[in-house]
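Overview (structure and organization)
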Amino acid sequence: MCKNSQDIVCSNAGTCHCGRCKCDDSDGNGLVYGKFCECDDRECIDDETEEICGGHGKCYCGNCYCEAGWHGDKCEFQCDITPWESKRKCTSPDGKICSNRGTCVCGECSCHDVDPTGDWGDIHGDTCACDERDCRSVYDRYSDDFCSGHGQCNCGRCDCKAGWYGKKCEHPLSCPLSPEESVKKCQGSATLPCSGRGRCECGKCTCYPPGDLRVYGKTCECDDRRCEDLDGVVCGGHGACSCGRCVCERGWFGELCQHPRKCNMTEEQSQSLCESADGILCSGKGSCHCGKCICSAEEWFISGEFCDCDDRDCDKHDGLICTGNGICSCGNCECWDGWTGNACEIWLGTEYP
């Protein structure tokens, strides 16, 4: 009960007594506090003045919050402009201080670094008005570049090179089709151009990954990778793959032909293997067959050994779970070869020669 989130007893700044932390207070000033003694206001003491936050701010949980006109880790530096002038210089056109993406220090915005999730781009500009994370919509996940490799992303928008245009600079000027006509041809009956598995240029799809014959079709509608399990076995070894779907041999069934129709165990034995930790059969979201759970087909997102996973928890990109470049395994994307990222959205391979 005394361990913090890092599994450390009282944050190494106190002792545990009867399930509660008693924080160190050798100086008698109560600067160490918190449920797990996680706050240490001694970190706010200025080494030179020996005052908390240099006498120009307040300390909360080991961090200084400076008064107007002062800055620094311990509020030790004074600005050479007035607080009003500092605020004016840091105010973005929309009236927000540093566009809510940075910290104002003496009239200059210190913008936040790369997005904590690891997304591409950064935040910049005099008032942090440019957020390159807005380039998500113009990011080409096949070439691992912005603007389809045919332009420069400036403040979230593409400036295309000569000979290219479109929101992602994806459309060549030499193409007789309009961008809308091109996308329509690439989309066909799918919900996304090239079924979300390829690049559309002038009405024709180039399927990805490069050279992988498992992804094919006029609109890249066939993806035979979907017939493979996490170990790469096609249709469980009991069927053949046809345009991304398993055709099972006689005596087998299931999405990956993983279930035998005949079972050599009793109903009691079978059900004992299908019980989750809480004793519920297939978490109440599926049926048990020969010791394995078959999750409800009505809830497509339910998966897992005991139907205890929700595939909606997996990251999406371009509207597709795992971007269509991996398998959702209990809330996490398992990417296929050549892909990486939380949603398998980044292609690490090379372009076509």
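Please read these numbers as outputs of a predicted model, since none were measured by experiment.

**A few points about the overall build of the protein**
Check the secondary structure of the protein and you find three helices and 36 strands. The globule rule puts the C-alpha radius of gyration for 353 residues at 20 Å, and the 29 Å found for the protein is more than 25% above it. In terms of principal-axis extent, the alpha carbons of the protein reach across some 80 × 70 × 30 Å. Per-residue burial for the protein yields a buried fraction of 35% across its 353 residues. Considering only contacts in the protein between residues 6 or more positions apart, those separated by 24 or more positions represent 28%. Of the accessible surface of the protein, which amounts to about 21,300 Å², a share of 48% is contributed by carbon and sulfur atoms. With 36 positive and 62 negative side-chain charges, the protein shows a separation of 8 Å between the mean positions of the two kinds.

**Examining the UniProt feature "domain: Integrin beta epidermal growth factor-like" (unreviewed entry) in the protein**
In the numbering used here, UniProt assigns the "domain: Integrin beta epidermal growth factor-like" (unreviewed entry) feature to residues 4–38. Between the C-alpha atoms that bound residues 4–38 the distance is 8 Å, and the span itself is 0% helix and 29% strand.

**Focus on the pairing of strand β9 (residues 102–105)**
Summarising the sheet, β9 and strand β10 (residues 108–111) pair through four bridges and their orientation is antiparallel. By the bridge assignment, threonine 103 is partnered in β10 with serine 110. Where β9 folds back on β10, the antiparallel hairpin that results is connected by two residues, among which cysteine 106 adopts a positive phi of roughly 50°.

**Describing the packing of aromatic side chains**
Counted under the stated rule, the structure contains zero aromatic pairs. The ring of phenylalanine 301 has arginine 312 lying over it, and the distance from NZ or CZ to the ring centre is 3.6 Å.

**Some words on the environment of glutamate 43**
Within the secondary structure, glutamate 43 sits in the loop between β4 (39–40) and β5 (57–60). A C-alpha to C-alpha distance of 8.7 Å links glutamate 43 and lysine 74, two positions 31 residues apart in sequence. Beyond its immediate stretch of four places on either side in the chain, glutamate 43 contacts Gly62 and Lys74.

**Quick look at the pairing of strand β6 (residues 63–66)**
Of the pairings in the sheet, the one linking β5 to β6 comprises four bridges and is antiparallel in character. Opposite glycine 57, over in β6, you have cysteine 66 as the bridge partner. Connecting β5 to the antiparallel partner β6 that follows it, the hairpin turn spans two residues, and cysteine 61 within it adopts a positive phi of roughly 55°.

Rules of the game
Residues numbered from 1 in each chain as written. Predicted model: local features only at pLDDT ≥ 70, side-chain atom pairs only at ≥ 80, totals over all residues. Heavy atoms only, no water. Helix = DSSP H or I, 4+ residues; strand = E, 2+ residues; numbered from the N terminus. Rg over C-alpha atoms; globule rule 2.2 N^0.38 Å. Buried < 20%, exposed > 50% of the residue type's maximum accessible area, 1.4 Å probe, protein only. Contact = heavy atoms within 4.5 Å. Areas by Shrake-Rupley, 256 points an atom, 1.4 Å probe, with all protein chains shown as cover. Lys, Arg positive; Asp, Glu negative; His and termini not counted. Charge placed at Lys NZ, Arg CZ, Asp CG, Glu CD. UniProt positions renumbered as here; feature names shortened; annotations may be inferred. Pairing = 2+ DSSP bridges. Phe/Tyr/Trp six-rings, centres within 6.5 Å; stacked < 30°, edge-to-face > 60°. Lys NZ or Arg CZ within 6 Å of the ring centre and 35° of its normal.

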